[in-house]
Amino acid sequence: MAVEGAVHGSYEVSITKKTIVKATEPLPEPHILTLSNLDLLSGRFPVTYFYFYRNNPLVASFTSVVDALKSSLSKTLTHFYPFSGRVVQNQSTNEPEIVCDNTGALFVEAHSNIALKELDFYNLNQSLEGKLVSIDNDYPLQIQVTCYTCGGLSITFTFDHALGDASAFSKFLITWSEIAMAKTISCIPDHRRYLRARVPPSYDPWVDQAFVSCTLEEIAKIPMPKISLKRLYHIDASSINKLQRLACMDGSSRTKIEAFSAYIWKVMVQAIDESHPKCKMGWLVDGRTRMCKDPNTMSNYIGNVLSVAFGEASKVELETGGLTDIAKICHNAISKVTNRAHFLDLIDWIECHRPGLMLSKVVLGRAGPALVVSSGRRFPVTELDFGFGSPALGTVCSTIQRIGVGYVNQRPSARGDGSWTVSAIIWPELAAALESDSDRVFQPMTADHLQL
């Protein structure tokens, strides 16, 4: 096939081959998988996980790596067969559904003209989009494997959010790694999407204040309050531990994420227009351990089980308050949604507002300045070995072009020393405030941080 080039300065990525990888037999008969209520809250945003691997001298060639990945992917799709299907709009219900017909996943092979250590790991706008991530809306799962001049590799995995959330995608990636390494798989995926409303549905009125029904067209027209920078940062373990100590100085117990959120929120005040006396911070919350008495009951549930907690504070509170005070606001906001009643209310609210998609009003950009924090401390990083070693970096980003809220996603670093990798979608003033802060918590990611 013809070679496609993506040239930006001296950094070029050439796509050399595209293949459709299908699940191996036997599979269930082709059928429609109806999405659950919480799947309708996903916004259908594309989610990309990207991993970088150093050169492994024991690997014979790029071709052998690609062939092995395709073979193990085909076997993995047998277990995760909806990922090999199509996400289509049902014309009768006006809602998306998954056609499980083994259309296949899109597998892209590419070559870069630079060594891995020369890549700009900080500026994801420049290094990822249109080069390491290419989107074809016909395939809800897309993989691109890129070879560098040093022999290193990158793998990007892009999922349609209708397939699931971070927990579901982590199960898929771990299973693929296990199959590639000829290990016994640790997950028997549950594809039933059984999260349905109570009869009759009922919910607390607060849900109306936080969420709204919307269409794909409305999502595509989200106002863009300058949230356009996609950046990658390294956070030292010493900085994380210091923030947690400061957040707990009143004797309370605060998590690292609560302390980290409090720090960002305090810095964020510097990056907000004076016309906004208040601002919000949000947190993605996984409901799997909250929905059932046994926290393991839903551990292999494949789909979306996410909600969003939001806290609000005035600029005065954030400017004058200490980290202890702000961490308390974070803790109280998160605590309101980490329970079964919250998720049952949310499921019932969605039932009462179908058909269509649902989103938080804040995510749609309808509630003023806001930033959402996502904790991925359980997301696989070093575990993702496909037979050519553990990655030097593993994290998440999105190719979404319009978004009404800033996002900060935390992942453990591949260094294994307690440090974090943080990807961010933020506005320029917030990037400047975080990077210029005297505490130097947010360090722009470099090849040195990754020990390349």
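Being a predicted model, the structure only gives us computed values, none of them experimental.

**Q** Explain the sheet that holds strand β11 (residues 229-235) to me, please; I cannot follow it from the model alone.
**A** To summarise the sheet geometry, strands pair through backbone hydrogen bonds and adopt either a parallel or an antiparallel arrangement. With mixed pairing, the 7 strands of this open sheet are ordered in space as β13-β12-β15-β17-β18-β11-β19. Strand pairing shows two members of the sheet lacking a second neighbour, β13 (306-314) and β19 (443-444), which therefore form its edges. Alignment of strand β12 (residues 278-286) against β13, held across 9 bridges, turns out to be antiparallel. Note that in β13 the partner of K278 across the bridge is S314.

**Q** Can you help me understand the sheet that holds strand β3 (residues 31-34) in this one?
**A** Pairing in this open sheet of 3 strands is antiparallel, and the strands run β3-β6-β5 from one edge to the other. Either end of the sheet is taken by a strand with one partner, and the two such strands are β3 and β5 (86-90). Sheet twist, expressed as the mean angle between neighbouring strand axes with direction ignored, is 40°.

**Q** Is there a simple way to explain the packing of helix α7 (residues 256-268) against helix α9 (residues 323-335) in this structure?
**A** To characterise two packed helices, one gives the angle between the axes of the helices and the distance between these axes. Two elements in contact, α7 and α9, have axes separated by 8 Å at closest approach and are oriented at 115°. Two packed elements cross with a definite hand, and for α7 against α9 that hand is right-handed. The segment α7 lies against α9, with E258, A259, S261, A262, Y263, W265 and K266 engaging L323, I326, A327, I329, C330, H331 and I334. When grouped by side-chain class, the residues that make up the contact of α7 with α9 number 10 nonpolar, 2 polar and 2 charged.

**Q** Before we go on, may I ask you to explain helix α11 (residues 428-436) in this structure?
**A** Because an α-helix completes one turn every 3.6 residues, residues spaced three or four positions apart along the sequence face the same direction. Those residues of α11 not exposed but buried are L430, A431, A433 and L434. Down the axis, α11 shows its buried residues gathered within 165° of arc, on one side only. Looking at the buried side of α11, the elements it contacts are β11, α7, β15 (370-375) and β18 (420-426).

**Q** Would you take a moment to explain the pattern of salt bridges for this structure?
**A** Side chains that differ in charge, positive against negative, can pair when their charged atoms come close. Scanning the model with the defined rule gives 15 salt bridges in all. Across the pair D348 and R198 runs a salt bridge whose closest N-O atoms are separated by 2.6 Å. In this pair, D348 sits in helix α10 (residues 340-353) while R198 sits in the loop between α3 (166-180) and α4 (206-210), placing the two residues 150 residues apart along the sequence. Judged by its relative accessible area of 1%, D348 falls in the buried class. D286 is the salt-bridge partner of R288, the closest N and O atoms lying 3.1 Å from each other. Judged by its relative accessible area of 24%, D286 falls in the partly exposed class. The structure contains a network of salt bridges with shared partners spanning E95, E351 and R354.

Conventions and cut-offs
Residues numbered from 1 in each chain as written. Predicted model: local features only at pLDDT ≥ 70, side-chain atom pairs only at ≥ 80, totals over all residues. Heavy atoms only, no water. Pairing = 2+ DSSP bridges. Helix = DSSP H or I, 4+ residues; strand = E, 2+ residues; numbered from the N terminus. Axes fitted to C-alpha atoms, helices over the stretch in contact; angles between N-to-C directions. Left-handed = near helix turned anticlockwise from the far one by under 90°. Contact = heavy atoms within 4.5 Å. Nonpolar A, V, L, I, M, F, W, Y, C, P; charged D, E, K, R; others polar. Buried < 20%, exposed > 50% of the residue type's maximum accessible area, 1.4 Å probe, protein only. Arc of directions from axis to C-beta. Salt bridge = Lys/Arg side-chain N within 4 Å of Asp/Glu carboxyl O.

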